[in-house]
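Breakdown of the fold
Next come the chains, spelled out residue by residue.
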Amino acid sequence: MRVIEHAMGTKDAGRGLYDLLVRLGLETGFGAVGMPEDGIEAAAETISGMVFPNPAPPPTQTFANWSQQRTQASLQPKGRRR
């Protein structure tokens, strides 16, 4: 993530990538790649069970909340996204 932050000149890689997608007029939610809203819970369970080189892996509910926020943001009309 630090590499992405450095390359994009931002302090938050996730937000930087999101802002880039919005500037390019691209979709920002998982729905754009075929994930139904009811699939978020299963994805959260899968990801939370994976091992990553992070000091503290995120809890399932944190990922589920983040995913739902991204999905809802992608459903907003393009002129109203933030």
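Residues numbered from 1 in each chain as written. Predicted model: local features only at pLDDT ≥ 70, side-chain atom pairs only at ≥ 80, totals over all residues. Heavy atoms only, no water.

Examining the overall build of the protein
The secondary structure content of the protein amounts to 4 helices and 0 strands. Secondary structure of the protein in N-to-C order comes out as α-α-α-α. Counting only residues that meet the buried cut, the protein has 21% of its 82 residues in that class. Considering only residue pairs separated by 6 or more positions, the protein has 49% of its internal contacts joining residues 24 or more positions apart. Carbon together with sulfur atoms contributes 59% to the accessible area of the protein, which is approximately 6100 Å² in total. (Helix = DSSP H or I, 4+ residues; strand = E, 2+ residues; numbered from the N terminus. Buried < 20%, exposed > 50% of the residue type's maximum accessible area, 1.4 Å probe, protein only. Contact = heavy atoms within 4.5 Å. Areas by Shrake-Rupley, 256 points an atom, 1.4 Å probe, with all protein chains shown as cover.)

Side note on helix 3 (residues 40–48)
All buried positions along helix 3 are accounted for by Ile40, Ala43 and Ala44. Looking straight down helix 3, one finds its buried side chains confined to an arc of 100°; they lie on one side. (Arc of directions from axis to C-beta.)

Quick notes on helix 2 (residues 13–23)
Along an α-helix, a turn takes 3.6 residues, which lines up residues three or four apart on a common side. Residues of helix 2 that are buried: Ala13, Gly16 and Tyr18. A distance of 3.1 Å separates the backbone nitrogen of Gly14 from a side-chain oxygen at the start of helix 2, and that oxygen is part of Asp12. (Polar contact = N/O pair within 3.5 Å; in protein donor to acceptor, adjacent residues only side chain to side chain.)

Re the environment of Ile4
Following the sequence through the fold, Ile4 ends up in helix 1 (residues 2–8). On the accessibility criterion, Ile4 (29% relative accessible area) is partly exposed. Considering only alpha carbons, one finds Ile4 and Gly14, 10 residues apart in sequence, at a separation of 8.9 Å. If sequence neighbours within four positions are ignored, Ile4 has contacts with Ala13 and Leu17.

Examining the confidence of the model for the protein
Residues at a pLDDT of 70 or more form 71% of the protein, whose mean pLDDT is 77. In the model of the protein, helix 4 (residues 60–75) stands out as the element of lowest mean pLDDT, 66, in contrast to helix 2, which has the highest, 89. (pLDDT = per-residue confidence, 0-100.)

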